[in-house]
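# Analysis of the macromolecular model
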Amino acid sequence: MKTYNFVGHKKIYFSISILILIACIVCASIFGIKLDIQFKGGSIITYNYEGTISQNEFKSEVENILGEKVSVQKTKNAITGSDNFVVSLAAAKGIDSEKQIELTDKIESKYAENKLETLSINIVDPTIGKEFLYKCIVAVAFAALLMIIYVGFRFKSIGGVSAGVMAVIALLHDIMVVFATFVILRIPLNDSFIAVVLTILGYSLNDTIVIYDRVRENKKIYGNHYTIGELVNMSISQCLTRSIATTVTTVMAMVVVCVMASIYNVNSILTFAFPMIIGMLSGVYSSICIAGPLWVMWQEREKK
């Protein structure tokens, strides 16, 4: 089997990751981080209508009245079969009573022929969303600690604690790539971001552990015949086909989800599926090109 020199090209891989991080920081500094209504608070208004109304035209009409950017999602009532528009406005204070009355009067008058009516107006408190975000951050930190302990115990024959630390750094790399995807593409941070991050954590760690397991087995077979860098290159190369095949199959499934979500204009699924694709690609990249070479650097420094 051909052995690829992943460790020898570590500077290239690290540079790519650093450039992505810099691009994320620059975009976040210039354009800011968009927060969805769950974390920022705001208002959710549901309208019912008959006939056909252009979603883009309806969105523009609402934005002209409110003087604010809104998101509009088209839904269907499962019980009555009628069409609905769900308008979400992410703002710290939501819509005051005067704006609510103005919006209701103008929008219902505009689409009187479609018998458009306001079904509900809900004010969203961001407190619950922020508490949920903080709890998720704590959960990720606790999971990272458990990963270090688990990898340290399971792979103690090859310096397990250092392997666990490098695995966690690779996971943080994947989280930053997912975060960069949301920031650069101007996707509001919402519960989809949390779901993607938690899913990618398990996906990426699985690939890394498979590589560590191969390193341990090769060390038993070859002993000190190879340097630690050569051993890692050999182990990654042996796992390469499996890692790529797993990633390709899962990414293909998510691509289908993205296509269907785009066709039917289901934005909530699209904002989950596309970052998942980027996260999966980042997961296999970090397991192969980040975790292994970083661990080799650590081991070589300890020997010196």
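The structure contained in this document is the topic of the report that follows.

Cut-offs applied
- Residue indices follow the written sequence of each chain, beginning from 1 at its first position.
- In keeping with the model being predicted, local features are shown solely for residues with a pLDDT of at least 70 and side-chain atom pairs are shown and tallied solely at 80 or more, while totals for entire chains, interfaces and linings include all residues.
- Heavy atoms from the whole structure form the basis of all side-chain values; hydrogens and water molecules are not counted.
- Helical segments are the DSSP runs of H or I of at least four residues, strand segments are the runs of E of at least two, and each set is numbered from the N terminus.
- Whether two residues touch is decided by their heavy atoms; if any such pair falls within 4.5 Å, the residues are in contact.
- In this charge count, Lys and Arg are treated as positive and Asp and Glu as negative; neither His nor the chain ends contribute.
- A single reference atom marks each charge: NZ on Lys, CZ on Arg, CG on Asp, CD on Glu.
- When DSSP finds at least two bridges between two strands, those strands are taken to pair.
- Axis lines are fitted through C-alpha atoms, for helices just across the contact stretch, and the angle between N-to-C directions can take any value from 0 to 180 degrees.
- Planes of paired rings set the category: under 30 degrees apart is stacked, over 60 is edge-to-face and the rest tilted, where pairs are Phe, Tyr or Trp rings (Trp by its six-membered ring) whose centres lie within 6.5 Å.
- Working definition: roughly parallel below 35 degrees, roughly antiparallel above 145 degrees, roughly perpendicular at 65 to 115 degrees, and oblique for all remaining angles.
- Left-handed describes a crossing whose near helix is turned anticlockwise from the far helix by less than a right angle; the clockwise case is right-handed.
- Amino acid classes used here: Ala, Val, Leu, Ile, Met, Phe, Trp, Tyr, Cys and Pro are nonpolar; Asp, Glu, Lys and Arg are charged; the rest, including Gly, are polar.
- To estimate how far a helix should reach, multiply one less than its number of residues by 1.5 Å.
- Bend, in this description, refers to the angle at a residue between axes fitted to the seven residues ending there and the seven starting there.
- Here the nonpolar core consists of buried residues drawn from Ala, Val, Leu, Ile, Met, Phe, Trp, Tyr and Cys, with membership extended through side-chain atoms lying within 4.5 Å.
- For every residue, the accessible area (1.4 Å probe, protein chains only) is compared with the maximum for its type, and the residue is labelled buried under 20%, exposed over 50%, or partly exposed between those bounds.
- For the purposes of this analysis, a disulfide is any pair of cysteine sulfur atoms at a distance within 2.5 Å.

Attention shifts here to the overall build of the chain. Within the chain one finds nine helices and four strands. Considering only C-alpha atoms, the chain reaches an extent of 80 × 35 × 35 Å along its principal axes. Taking as baseline every contact in the chain between residues at least 6 positions apart, the subset at least 24 positions apart corresponds to 77%. Of note, the chain has its 27 positive side-chain charges centred 15 Å away from the centre of its 24 negative side-chain charges.

A word on the sheet that holds strand S3 (residues 83-90). Taken in spatial order, the four strands of this open sheet run S2-S3-S1-S4, and their pairing is antiparallel. Every other strand in the sheet has two partners, leaving strand S2 (71-76) and strand S4 (117-124) as the edge strands with one partner each. Strand-to-strand twist in this sheet, taken as the mean axis angle between neighbours without regard to direction, amounts to 20 degrees. Strand direction decides the pairing type here: S2 and S3, joined by six bridges, are antiparallel. Across the sheet, the residue bridging to Thr75 is Asn84, located in S3. Running at roughly 155 degrees to S4, helix H4 (residues 97-110) makes contact with strand S1 (42-49) and S4 of the sheet.

Inspection of the entire model under this criterion finds 11 aromatic pairs. One aromatic cluster is present, built from ring pairs that chain together Tyr47, Tyr49, Phe58, Phe85 and Tyr111.

Attention shifts here to the packing of helix H7 (residues 191-222) against helix H9 (residues 267-303). Their axes nearest at 8 Å, the elements H7 and H9 cross at an angle of 30 degrees. Relative to H9, the element H7 is oriented roughly parallel. Every pair of crossing elements has a handedness; the one defined by H7 and H9 is right-handed. Counted by class, the contact of H7 with H9 contains 15 nonpolar, 10 polar and one charged residues.

This brings us to the packing of H7 against helix H8 (residues 228-263). Between H7 and H8, the shortest axis-to-axis distance is 9 Å and the interhelical angle comes to 150 degrees. Relative to H8, H7 is oriented roughly antiparallel. By crossing handedness, the relation of H7 to H8 is classed as right-handed. Residue-level inspection shows Tyr203, Asn206, Asp207, Val210, Ile211, Arg214, Val215, Asn218, Lys219 and Tyr222 of H7 in contact with H8, the latter providing Leu231, Val232, Met234, Ser235, Ile236, Gln238, Cys239, Arg242, Ser243, Thr246, Thr247 and Thr250.

It is worth spelling out H9 at this point. Relative to the 54 Å expected for 37 residues at 1.5 Å per residue, H9 spans 52 Å between its end C-alpha atoms, a close match to the ideal helical length. When the local axis directions of H9 are compared, the greatest deviation, roughly 45 degrees, occurs at Ser286.

What follows deals with the nonpolar core. In this structure, Phe193, Tyr212, Ile288 and Trp295 are the most contacted members of the largest nonpolar core, which totals 61 residues. Contributing elements (two or more residues each) for this core: helix H1 (10-31), helix H5 (126-154), helix H6 (160-184), H7, H8 and H9. Beyond its immediate sequence surroundings of up to four residues, Trp295 is in contact with Ile158, Gly159, Ser162, Ala163, Met166, Tyr212, Val215, Ile228 and Val232. Ranked by size, the runner-up nonpolar core spans 18 residues in total, among them Tyr47, Leu66, Val87 and Leu89.

This paragraph deals with the state of the cysteines. With the rule as written, the count across this model stands at zero disulfides. You can see Cys24 has no disulfide; the closest cysteine sulfur is in Cys27, sitting 7.4 Å from it. The cysteine Cys289 is free of any disulfide, with Cys239 supplying the nearest cysteine sulfur at 13 Å. A residue is classified by how much of its surface remains accessible, and Cys289, at 8% relative accessible area, is buried.

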